[in-house]
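# Structural overview for review
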Amino acid sequence: LPDGSRMSEIRSLEQAADSARTMQAALSLGSHINRWSLLFALLALFCLFYLPLSWLPRTGLLVSVIANGVQMLFALRVALDEKLFRNLARQWAAASPGPPARNDTSAQDELARLDQSLVRCKLRPAQEITPRDLDSRLCGAKRLVKKQLLAFSVQFATMLVFAAIANLPPAG
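This is a predicted model, so every value here is computed, not measured.

Reading the values: the criteria
- Residues numbered from 1 in each chain as written.
- Predicted model: local features only at pLDDT ≥ 70, side-chain atom pairs only at ≥ 80, totals over all residues.
- Heavy atoms only, no water.
- Helix = DSSP H or I, 4+ residues; strand = E, 2+ residues; numbered from the N terminus.
- Buried < 20%, exposed > 50% of the residue type's maximum accessible area, 1.4 Å probe, protein only.
- Contact = heavy atoms within 4.5 Å.
- Polar contact = N/O pair within 3.5 Å; in protein donor to acceptor, adjacent residues only side chain to side chain.
- Core = buried A, V, L, I, M, F, W, Y, C linked by side-chain atoms within 4.5 Å.
- Expected span 1.5 Å × (residues − 1).
- Arc of directions from axis to C-beta.
- pLDDT = per-residue confidence, 0-100.
- Salt bridge = Lys/Arg side-chain N within 4 Å of Asp/Glu carboxyl O.
- Phe/Tyr/Trp six-rings, centres within 6.5 Å; stacked < 30°, edge-to-face > 60°.

Our focus in this paragraph is the environment of Gln108. As for its position among the elements, Gln108 is in helix 4 (residues 107-120). Residue Gln108 is classed as partly exposed on the basis of its relative accessible area of 34%. Remark: the alpha-carbon pair of Gln108 and Ala16, spanning 92 residues in sequence, is separated by 9.7 Å. Residues within four places of Gln108 in sequence aside, it is in contact with Pro131, Arg132, Asp133 and Leu134. A polar contact of 3.2 Å, which involves the side chain of Gln108, links it to the backbone oxygen of Arg132.

Pasting the structure below:
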């Protein structure tokens, strides 16, 4: 029977794996947001190039396309985080019931290794190598999805405004 500290480590890894899986599922919604955003961007580009529009609807469509570009940048970050959280969840889930030799690493050790790997791959600045715990990473990932959703909302809102302006009757 494992001692008390080993049991708390196993429970901690299991909880960390559950949290990582939950965040990975939330981050997977980013790909759906990205698909819708791309669809609206294509529609906006079609309208820009093929419809005779005044400057105001064109400006709205251009803002929509720019918002799509911003959304796509966040979508890339969200997709990366999704894969990283999926990988962490698998590692932690595999480590919790595993042999004692594998269980001597903690979730925080795995996160520190992840940070080092991100720095080596130049995906994180070297001066920002301060250790981050799982909770701060979960909050950061949630912020990324919110930013992606905000960019998509701006894109969608400008498309709605464009549709309303384009359907206004001419003055006079």
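So, about the nonpolar core. Within the largest apolar cluster, 22 residues are counted, with the highest numbers of intra-cluster contacts made by Met23, Leu27, Phe85, Trp92 and Leu134. For this core, the secondary structure elements donating two or more residues are helix 1 (4-50), helix 2 (55-95), helix 4 and helix 5 (134-166). Ranked by the residues each element gives to this core, the list is headed by helix 2, at seven residues. Setting aside its immediate chain neighbours within four residues, Leu27 contacts Val78, Asp81, Glu82, Phe85, Ala141 and Val145.

Before going further, it helps to spend a moment on the side chain of Ser64. Among the structural elements, Ser64 can be located in helix 2. Sequence-distant contacts of Ser64, that is, excluding residues within four places in its chain, are made with Ala44, Gln155, Thr158 and Met159.

Here we take up unusual backbone geometry. Positive phi is not limited to glycine here, since Lys122 has a value of about 60°. Assignment of secondary structure puts Lys122 in the loop between helix 4 and helix 5.

Here the focus is helix 4. Relative to the 20 Å expected for 14 residues at 1.5 Å per residue, helix 4 spans 20 Å between its end C-alpha atoms, a close match to the ideal helical length. Buried within helix 4 are the following residues: Ala107, Glu110, Leu111, Leu114, Asp115 and Leu118. For helix 4, the arc enclosing every buried residue in end-on projection is 140°, short of the 170-degree limit, so these residues lie on one face. Count one or two residues on from helix 4 and you reach Lys122, which has phi positive near 60°.

This paragraph deals with the confidence of the model for the protein chain. Considering every residue of the protein chain, the mean pLDDT works out to 84; 84% of them sit at 70 or more. Per-residue pLDDT, averaged within each element of the protein chain, yields its smallest value for helix 3 (residues 100-103) (45) and its largest for helix 2 (92). Segment residues 1-10 is flagged for pLDDT under 50; beyond a separation of four residues in sequence, or across chains, it makes ten contacts in the model. pLDDT under 50 marks residues 99-104. Its contacts with residues more than four places away, or in other chains, come to twelve contacts.

We now examine the pattern of salt bridges. Inspection of the entire model under this criterion finds six salt bridges. Of the charged contacts, one joins Arg21 and Asp18 as a salt bridge, the two residues approaching to 2.4 Å between their closest N and O atoms. Highlighted residues: Arg21 and Asp18, both in helix 1, separated by three residues, approximately one helical turn. In this structure, the salt-bridge partner of Asp115 is Arg132, at a minimum N-O distance of 3.3 Å. Here Arg132 lies in the loop between helix 4 and helix 5 and Asp115 lies in helix 4, a separation of 17 residues in the sequence. It is possible to trace a salt-bridge network through shared partners that takes in Asp115, Arg124, Arg132 and Arg137.

Glancing now at the packing of aromatic side chains. The final tally for this structure, using the stated rule, is five aromatic pairs. Aromatic pair Trp36 and Phe40: ring centres 6.3 Å apart, planes at 35°, arrangement tilted. On the criterion of helical spacing, the pair formed by Trp36 and Phe40 is a turn pair, its members being four residues apart in helix 1. Since its relative accessible area comes to 15%, Phe40 is described here as buried. Here the aromatic rings of Phe152 and Phe156 are separated by 6.3 Å at their centres, their planes lie at 25°, and the arrangement is stacked. Taken as a pair, Phe152 and Phe156 lie in helix 5 at a separation of four residues, close to a single helical turn. Relative accessible area serves as the criterion here: at 15%, Phe152 is assigned to the buried category. A relative accessible area of 35% means that Phe156 is categorised as partly exposed. Aromatic rings pair up to connect Trp36, Phe40, Phe152 and Phe156 into one cluster.

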